[in-house]
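Coordinate analysis (summary)
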Amino acid sequence: MNGKLTVVGLGPGAPELVTPAVRKALEEATDLVGYFTYLDRVPPGPAGQRRHGSDNRVEVDRARHALALAEAGHTVVVVSGGDPGVFAMAAAVFEAIEEGEPAWRALDIRIEPGVTAMLAAAASVGAPLGGDFCAISLSDNLKAWSTIEQRLEAAARGDFVIALYNPASRARPEQLGRALGFLRGLKAADTVVLFVKAAGTADLQVRIESLGKADPAGVDMRTLVLIGSSRTRLIPRDGATPWVYTPRSEREASA
Ligand code: SAH
């Protein structure tokens, strides 16, 4: 068996943020597998390279399909947005391996990291992830809402900066409002909240608000929400968007 399967992260959107290792894997692939929207970002490959696009919802089926292609001797690349290990296809591939054909465990499997949305979003506003932080997906397709609330509560009590992935979709428009309402009971009203849309692309849009007034309207599947810690603050600038950062030190005068 000499098939190979590489799971790559395409980064947040801009071609400059695709790593050279990911580019190389894409160029060497005989078969590309992924959600249509992500496959559309991949430039045309060598003649004969095949593309297997699918809908966003069927991640483990897509992973099984990719593994079957690799088992048949193909050089397969599965594409994810951002980083493939962050709420994306890498875990789906291992889930399929764990439950699937014993032969899949002998395949040459590699994961190529990418720039995850949280890092691109943070970089676009300053350094809001300068202290301790965590990431929570608000999608309740794969977990109960009570689990999400438990984790939001733990993150708020720990005073982590919280990156919220999957804040809203057409199928789940109300969850971000619920999450913000829940956090209002646990954190100060002047906590910095950032809505960063299309981070790492030319369409970048940033809204800086406070938790007390944060308005979830307009947030979509391309938005990352960052909830500050008690230390996250703004540096105002004349005629420009303020910088947002979280100091690394918990003492007032940072060293
Ligand atoms: N694997 C991806 C995340 C997949 S979950 C990664 O590492 O980035 C999808 C969620 O990621 C979206 O709903 C949104 O919250 C976030 N996201 C992805 N790309 C983004 C971008 N360019 N700007 C802001 N948020 C983004």
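Before reading further, recall that the structure is shown in the block above.
Now for a quick tour of the structure. All of these numbers come straight from a predicted model, not from anything done at the bench.

What counts and how
Residues numbered from 1 in each chain as written. Predicted model: local features only at pLDDT ≥ 70, side-chain atom pairs only at ≥ 80, totals over all residues. Heavy atoms only, no water. Salt bridge = Lys/Arg side-chain N within 4 Å of Asp/Glu carboxyl O. Helix = DSSP H or I, 4+ residues; strand = E, 2+ residues; numbered from the N terminus. Buried < 20%, exposed > 50% of the residue type's maximum accessible area, 1.4 Å probe, protein only. Pairing = 2+ DSSP bridges. Axes fitted to C-alpha atoms, helices over the stretch in contact; angles between N-to-C directions. Contact = heavy atoms within 4.5 Å.

A pair can form between side chains of opposite charge whenever their charged atoms are brought close. Evaluated as defined, the whole model comprises 10 salt bridges. A salt bridge links E153 to R157; its shortest N-O distance comes to 2.9 Å. Note that E153 and R157 are positioned in helix α6 (residues 145-157) at a spacing of four residues, about one turn of the helix. A residue is classified by how much of its surface remains accessible, and E153, at 30% relative accessible area, is partly exposed.

A separate point is the sheet that holds strand β4 (residues 75-80). The parallel open sheet is built from five strands, whose spatial order is β3-β2-β4-β1-β5. Edge positions in the sheet fall to β3 (50-54) and β5 (108-112), since each has one partner strand and no second. Direction aside, neighbouring strands of the sheet carry axes that sit 15 degrees apart on average. Bridge count between strand β2 (residues 31-35) and β3: five bridges; the pairing is parallel. Across the sheet, the residue bridging to D31 is R50, located in β3. Strands in contact with helix α1 (residues 20-28) are β1 (4-9), β2, β4 and β5; relative to β1, the strand with the most contacts, it is inclined by about 135 degrees. Set on the sheet, helix α3 (residues 59-71) makes contact with β1, β2, β3, β4 and β5; between it and β2 the angle comes to about 175 degrees.

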